[in-house]
Amino acid sequence: MTRYLPHIALLSSELAAETVTYSLAFSLGGRGMEAGTATFSETADEYEGNPVIMSRMTMSTNRLTSLVFMLRDTLTSVMSADGLPLHYSKQVNERSRHAVETAGFMHSTSGCDVHLVVRRDGRVMHDVHENSQETVYDMLSMLHHARYLDANGVGPGDEILTIPMVNGELVVMQHILFEGTESVTDGDGTAHECLRLSVRDY
């Protein structure tokens with residue numbers, strides 16, 4: 001069951017088209033090392049004749065990191081105007097691994113049916129249906145909602161919510177934890193008070 005702490009609620013959001021660039025990092029000997037960049041965008045669009053939110057993220061490791069682990073992934077998520085996931089795709093390009101993962105979502109009063117397909121090198125490796133009594137999310141629709149979480153009254157280490165999320169050919173439970181706040185200065189020199197969240201699937 002999706003759990004919300006009593007003092008947590010998903011805020012209704014008004015979409016403003018934007019593009020955000022993140023720095024990717026990995027930990028080496030306790031030190032954070034720059035690993036590449038990820039670009040995330042959200043725009044208002046149309047899908048099958050209906051207004052939707054279109055989210056896209058591209059992730060790419062830098063030249064040095066690519067010597068050890070190369071990442072060239074593109075994620076796309078289509079959500080209804082009120083944030084319900086409709087379609088998701090992930091193009092995976094990690095050196096010798098090339099795959100396309102897709103998920104189609106059907107929502108009804110009885111729950112959510114998810115059609116998961118994984119293709120590797122053009123061959124269908126998995127084609128399954130998963131059913132859930134709860135709304136199932138993908139990585140980008142989860143990120144969309146996480147950006148609007150209200151953390152008033154939450155302490156570091158508190159679990160904000162647990163939601164089912166597609167992961168390849170599986171639906172897994174993801175736990176979003178509040179890790180505190182941090183002041184982050186963007187590329188324009190503007191400081192922002194940000195929530196630090198972690199996602200775990202233990």
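These numbers were taken from a predicted model, which means no experiment stands behind them. (Residues numbered from 1 in each chain as written. Predicted model: local features only at pLDDT ≥ 70, side-chain atom pairs only at ≥ 80, totals over all residues. Heavy atoms only, no water.)

*Asks:* Looking at this structure, I do not really get the nonpolar core. What am I missing?
*Replies:* Soluble globular proteins tend to bury their nonpolar side chains together. Counting 17 residues, the largest nonpolar core has Met57, Met59, Ala103, Phe105, Val114 and Val166 as the members making the most contacts within it. Of all the secondary structure elements, the ones that give two or more residues to this core are strand S3 (31-47), strand S4 (50-61), strand S7 (97-108) and strand S8 (111-120). Discounting chain neighbours no more than four positions away, the residues touching Ala103 are Leu86, His87, Tyr88, Val114, His115, Leu116 and Val166. (Core = buried A, V, L, I, M, F, W, Y, C linked by side-chain atoms within 4.5 Å. Buried < 20%, exposed > 50% of the residue type's maximum accessible area, 1.4 Å probe, protein only. Helix = DSSP H or I, 4+ residues; strand = E, 2+ residues; numbered from the N terminus. Contact = heavy atoms within 4.5 Å.)

*Asks:* Looking at this structure, how should I read the confidence of the model for the chain?
*Replies:* The predicted coordinates ought not to be read in detail in places where the model reports low pLDDT. Scored by pLDDT, the chain has a mean of 85; 90% of the residues are at 70 or more. With pLDDT under 50 throughout, residues 1-14 is counted as low confidence; its partners more than four residues away or in other chains account for 36 contacts. (pLDDT = per-residue confidence, 0-100.)

*Asks:* How should I be thinking about the environment of Asn50 in this particular structure?
*Replies:* Summarising the element assignment, Asn50 is placed in strand S4. It is 8.6 Å that separates the C-alpha atoms of Asn50 and Ala81, two residues lying 31 residues apart in sequence.

*Asks:* Where do I start with the pairing of S4 in this structure?
*Replies:* Looking along a regular strand, one sees side chains alternate from face to face of the sheet. As judged from the 12 bridges shared by S3 and S4, these two strands associate in the antiparallel manner. Within S4, the residue paired with Gly36 across the bridge is Thr61. The hairpin formed by S3 and S4 contains 2 residues between the paired strands, and Glu48 there has a positive phi angle of roughly 50°. With 9 bridges joining them, S4 and strand S5 (residues 72-80) adopt antiparallel strand pairing. (Pairing = 2+ DSSP bridges.)

*Asks:* In this structure, what is going on with the side chain of Ser132? I would like to understand it.
*Replies:* Here Ser132 lies in strand S9 (residues 123-132). The exposure class of Ser132 is buried, given its relative accessible area of 18%. In terms of polar contacts, Ser132 uses its side chain to reach the backbone amide nitrogen of Glu134, at 3.0 Å. Once residues within four sequence positions are removed from consideration, Ser132 is found in contact with Ser110, Gly111, Cys112 and Pro164. (Polar contact = N/O pair within 3.5 Å; in protein donor to acceptor, adjacent residues only side chain to side chain.)

*Asks:* I'm lost on unusual backbone geometry in this one. Help?
*Replies:* Where the residue is not glycine, phi is negative for most of them; where a peptide bond is considered, it is trans in most cases. Located in the positive-phi region is Glu48, a residue other than glycine, with phi close to 50°. Tracing the backbone through its elements, the reader meets Glu48 in the loop between S3 and S4. The class for Glu48 is exposed, based on a relative accessible area of 69%. The phi dihedral of Asp121 falls on the positive side, at around 50°, and the residue is not glycine. By the secondary structure assignment, Asp121 is in the loop between S8 and S9. For Asp121, a relative accessible area of 61% puts it in the exposed group.

*Asks:* Before we go on, may I ask you to explain the side chain of Ser77 in this structure?
*Replies:* Here Ser77 lies in strand S5. Residue classification places Ser77 among the buried positions, given a relative accessible area of 0%. With sequence-adjacent residues up to four places away left out, Ser77 is seen in contact with Ile53, Met54, Ser55, His87, Tyr88, Asp138, Leu140 and Ser141.

*Asks:* Whenever I open this one, helix H2 (residues 139-146) confuses me. Can you help?
*Replies:* Helical periodicity: at 3.6 residues per turn, an α-helix aligns residues three or four positions apart in one direction. The element H2 is extensively covered by neighbouring structure, given that 6 of its 8 residues are classed as buried. Its side-chain oxygen placed 3.0 Å from the backbone nitrogen of Leu140, Asp138 serves as the N-cap of H2.

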